[in-house]
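Structural overview for review
Listed below are the residues making up each chain.
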Amino acid sequence: MTALLQVKDLKKYFPIRGGILNRVVNNVQAVNDVSFGVREGEVVGLVGESGSGKTTVGRTLLRLEEATSGTVTFDGTDILTLPKEDMRKFRKRMQIIFQDPYASLNPREKIRTVIGHALTQHQIGTPEDREDRIVRLLEQVGLSADYMDRFPHEFSGGQRQRIGIARALAVDPDFVVADEPVSALDVSIQAQVINLLDDLRGQFNLTMLFIAHDLAVVEHICDRVIVMYLGRIMEIAPAGTLYSAPNHPYTQALLSAVPIPKPGRKLARVVLKGDIPSPINPPSGCVFRTRCPLAVADCAAVVPVLKQIGSDHFSACILTA
Amino acid sequence: MTEAVALSLSNGPDSRKAAVWRKHTGLIVGATLLGVILLSSLFAGFISPHDPLQHDLRNTLQPPRWAHPFGTDNFGRDIFSRVLHAAKLDLMIGFLCVLFPWMLGTALGAIAGYFGGAVDTVIMRVVDTFSAFPFLVMVIGIIAILGPGLMSMYIALTLAGWSMYARLVRAEVLVVKKAEYVLAARALGYLHGRIMFRHILPNVITPTIIFAMTDIVLVILSTTSLSFLGLGVQPPMAEWGIMISEGKGFILTAWWMVTLPGLAIVLVGLALSLLGDGIAKLLRERA
């Protein structure tokens, strides 16, 4: 299978300006040398702690942030160099679902406009059948068509998130970035929205990049998982392999922190010491070495590259044979 | 128990009215006062007993009495009629001299905040330059260049007042443009115009309206001050500042010439302040 989306050496630095001349004095290295592919029809999870750069990766793919360097190829088109006007037309193929359903809907637009304008902007359907399309989209995300003339403040968090999903799917995209779509929701609602996304994935033939910090959620919906730490990829593995045989020490630590509801189970927790280092001055060599329980002197010297260790399984650790 | 419930039910509408009154006293009083002033200024032609410009040299400097409720001035003109006609002019100037800076400042502030970069730097340095001058010094300076008159006053007050609005709007736009619903609009490939007018401006406009409500009091005070100094509206037009200026020579013999137009200014200022604070409170509760 060929990759629908291919990311190569993606870098995003946010400049820190200072001094009276407002010069760039330093950079926040949010995303560093990130490369991965997403195959058509696949759901790829992107996990990591807060500050690991996963949201920035998602936004850079859609050019909501401009990348510092690297290439993103989508279905044969290098989208990072696309002229603004071409990119604007291209946007209907790639959409995003946001984390906070309370911030992602304009409080002054009715639901009819929220979804309807996406259709008119990209000239989807005739004016007459746009109304039907809005109704159908609302029903597909589990909302009643009666809600069309209401404002966002009349809905609950879960309902708002469904509206956000309908807006993203209105333009019939091939690829969707779901940026922590359930982490702002109540636990009881999370499962509903996850299942909805799972259903829609089949109906709309979606390819998805699913960003999350919760490994339990990712296990349920993803085919493959990318683990990020401090702007770099630590491990890429099929979901099953990642949970049964994690290779990278960081992945092992993350997985040991997932609570397992089984009484009497022996806890073999790997507890990471300290905080995630500053992305302004990341550690030399392997960025994880300062908290890694297995770190050796060599870790400070070389930046580990992703090595293939199994079918579809890659890990960036020098200790991996 | 049942009795108490019945009592509170029957008291419902009344106590609700009382609660609304307690909560929004300023707003209600201010709106009523301004309403009365607006209506009487609009119908000044019907209400006022005399022509505001008509001299009557047999009846100069008359104290207030039935035929002339506010007395007459040194030309025998009826002060009540002049105060009413001046209200129309002063309120209109006050409104327009807030409207123009609000429009100019909002437009430039929104452009600076939205596009950022060099556009932002250029606009904001111009804002800095304009806000570096004291308000009245700049207004008087511009009028000195353009020559006194109504049109110069509009231009001067607009140029002196817009920078505050630009600053306010830019700061709000910087916050809202990072909001996820604006990112969603960009991700859907919406045009700049739509993002600006449908997604950003409606969500940043409230604080500028609150500010404008308080600004209008200041602008009316500036207008009357300028006319008092002979830089704004020119005699013989009826305007509160002019009337106070003309009456200051007679302050010991005819107190009503200065005091009563002055009271009109106080009343309008009070009404607008109460209304402004009331609306600000109302909008804050909504938000």
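**A short note on the pattern of salt bridges**
This model, assessed by the stated rule, comprises 27 salt bridges over all chains. When the shortest N-O distance is used, the salt bridge between E180 of chain A and K54 of chain A registers 3.4 Å. On the criterion of sequence distance, the pair formed by E180 of chain A in the loop between strand 7 (175-179) and helix 6 (187-203) and K54 of chain A in helix 1 (residues 54-61) is long-range, its members being 126 residues apart. Of the charged contacts, one joins R77 of chain B and D73 of chain B as a salt bridge, the two residues approaching to 3.0 Å between their closest N and O atoms. Judged by relative accessible area, R77 of chain B falls into the buried class, the value being 2%. One connected set of salt bridges, linked through shared partners, spans R39, E42, R224 and D312 of chain A.

**Thoughts on a nonpolar patch on the surface**
Nonpolar side chains collect at one region of the surface, where L294, V296, V302, I318 and L319 of chain A lie side by side and expose about 390 Å² of accessible area between them. Summarising the element assignment, L294 of chain A is placed in the loop between helix 9 (249-256) and strand 11 (307-310).

**Re the interface of chain B and chain A**
Contacts between chain B and chain A engage 16 residues on the former and 26 residues on the latter. Between chain B and chain A, a total of about 1,900 Å² is buried, with carbon and sulfur atoms accounting for 53% of that surface. Contact with chain A buries surface across chain B, with E180, A187 and L188 of chain B losing the most and accounting together for 33% of the total. For R59 of chain A, the salt bridge is made with E180 of chain B, and the minimal N-O distance between the two is 3.7 Å. Run the count over chain B and chain A and you get 15 residue pairs in polar contact (both at pLDDT 80 or more). Those elements that place two or more of their residues in the side of chain B that touches chain A are helix 8 (180-187) and helix 9 (192-228) of chain B. A breakdown of the residues in the side of chain B that touches chain A according to their chemical character gives 8 nonpolar, 4 polar and 4 charged.

**Re the state of the cysteines**
Here the structure, examined in full by the defined rule, presents 0 disulfides over all chains. Lacking any disulfide linkage, C286 of chain A is separated from the closest cysteine sulfur, that of C299 of chain A, by 5.9 Å.

**What to know about helix 6 (residues 135-146) of chain B**
Residues and elements named next belong to chain B. Between the first and last C-alpha of helix 6 there are 17 Å, a value that for 12 residues agrees with the 16 Å anticipated at 1.5 Å per step. Taken together, the buried positions of helix 6 are occupied by M138, V139, I142 and I143. Buried residues of helix 6, viewed axially, fall in a sector of 130°; they line one side. Of the residues in helix 6, the exposed ones pointing more than 90 degrees away from the buried face are V137, A144 and I145.

**Quick word on helix 10 (residues 240-247) of chain B**
Residue and element names in this part refer to chain B. Burial analysis of helix 10 places 7 of its 8 residues in the buried class, the great majority of the element. Residues of helix 10 that are buried include every one of W240, G241, I242, M243, I244, S245 and G247, and no others. Between the side-chain oxygen of the N-cap and the backbone nitrogen of G241 there are 2.6 Å, and the N-cap of helix 10 in question is E239.

**Remarks on the domain arrangement of chain A**
Residues and elements named next belong to chain A. Examined at the domain level, chain A breaks down into domain 1 (3-18 + 25-93 + 173-315) and domain 2 (106-167). Of the residues lining the interface, 13 residues belong to domain 1; the matching set on domain 2 comes to 10 residues. In total, about 960 Å² of surface goes out of reach between domain 1 and domain 2, with carbon and sulfur atoms giving 66% of it. In this assembly, domain 1 and domain 2 are joined by 0 salt bridges. For the pair domain 1 and domain 2, the number of links is 3 residue pairs in polar contact (both at pLDDT 80 or more).

**Topic: the nonpolar core**
Residues I115, I165, L169, F210, V225 and V227 of chain A together with I200 of chain B are the most contacted members of the largest nonpolar core, which totals 75 residues. Looking at which domains feed residues into this core, each of domain 1 (3-18 + 25-93 + 173-315) and domain 2 (106-167) of chain A supplies at least three. Every residue in contact with L169 of chain A, bar those within four places of it in the chain, is listed here: L137, V176, L200, F204 and L206 of chain A. Counting residues in each nonpolar core, the second largest holds 47 residues, with L27, L34, A156 and V268 of chain B among its members.

**Re the confidence of the model for chain B**
In the predicted model, chain B carries a mean pLDDT of 87, and 95% of its residues have values of at least 70. Across the predicted assembly, pTM comes out at 0.81 and ipTM at 0.87.

**Remarks on the pairing of strand 2 (residues 23-39) of chain A**
Pairing analysis gives 12 bridges linking strand 1 (residues 3-18) of chain A to strand 2 of chain A, with the strands arranged antiparallel. Its bridge partner lying in strand 2 of chain A, A3 of chain A is registered against R39 of chain A.

**Observations concerning the layout of surface pockets**
In this structure, the largest pocket spans a volume of roughly 1,100 Å³. Taken together, 26 residues line the largest pocket, and the ones lying closest to its centre are R63, L64 and E66 of chain A together with K177 and R186 of chain B. Among the residues making up the lining of the largest pocket, the classes are represented as 11 nonpolar, 2 polar and 13 charged.

What counts and what doesn't
- Residues numbered from 1 in each chain as written.
- Chains lettered and ligands numbered in written order.
- Predicted model: local features only at pLDDT ≥ 70, side-chain atom pairs only at ≥ 80, totals over all residues.
- Heavy atoms only, no water.
- Salt bridge = Lys/Arg side-chain N within 4 Å of Asp/Glu carboxyl O.
- Helix = DSSP H or I, 4+ residues; strand = E, 2+ residues; numbered from the N terminus.
- Buried < 20%, exposed > 50% of the residue type's maximum accessible area, 1.4 Å probe, protein only.
- Patch = residues over 30% accessible without salt bridge, like charges linked within 9 Å, V, L, I, M, F, W, Y side chains within 5 Å.
- Areas by Shrake-Rupley, 256 points an atom, 1.4 Å probe, with all protein chains shown as cover.
- Contact = heavy atoms within 4.5 Å.
- Buried area = accessible area lost by both parts, 1.4 Å probe.
- Polar contact = N/O pair within 3.5 Å; in protein donor to acceptor, adjacent residues only side chain to side chain.
- Nonpolar A, V, L, I, M, F, W, Y, C, P; charged D, E, K, R; others polar.
- Disulfide = S-S within 2.5 Å.
- Expected span 1.5 Å × (residues − 1).
- Arc of directions from axis to C-beta.
- Domains from an automatic or database assignment.
- Core = buried A, V, L, I, M, F, W, Y, C linked by side-chain atoms within 4.5 Å.
- pLDDT = per-residue confidence, 0-100.
- Pairing = 2+ DSSP bridges.
- 1 Å grid on protein atoms, 1.4 Å probe; cavity = no way out; pocket = protein on both sides within 12 Å on 5 of 7 lines; lining within 4 Å.
- Points joined across faces, edges and corners; volume = space filled by probe spheres on them.

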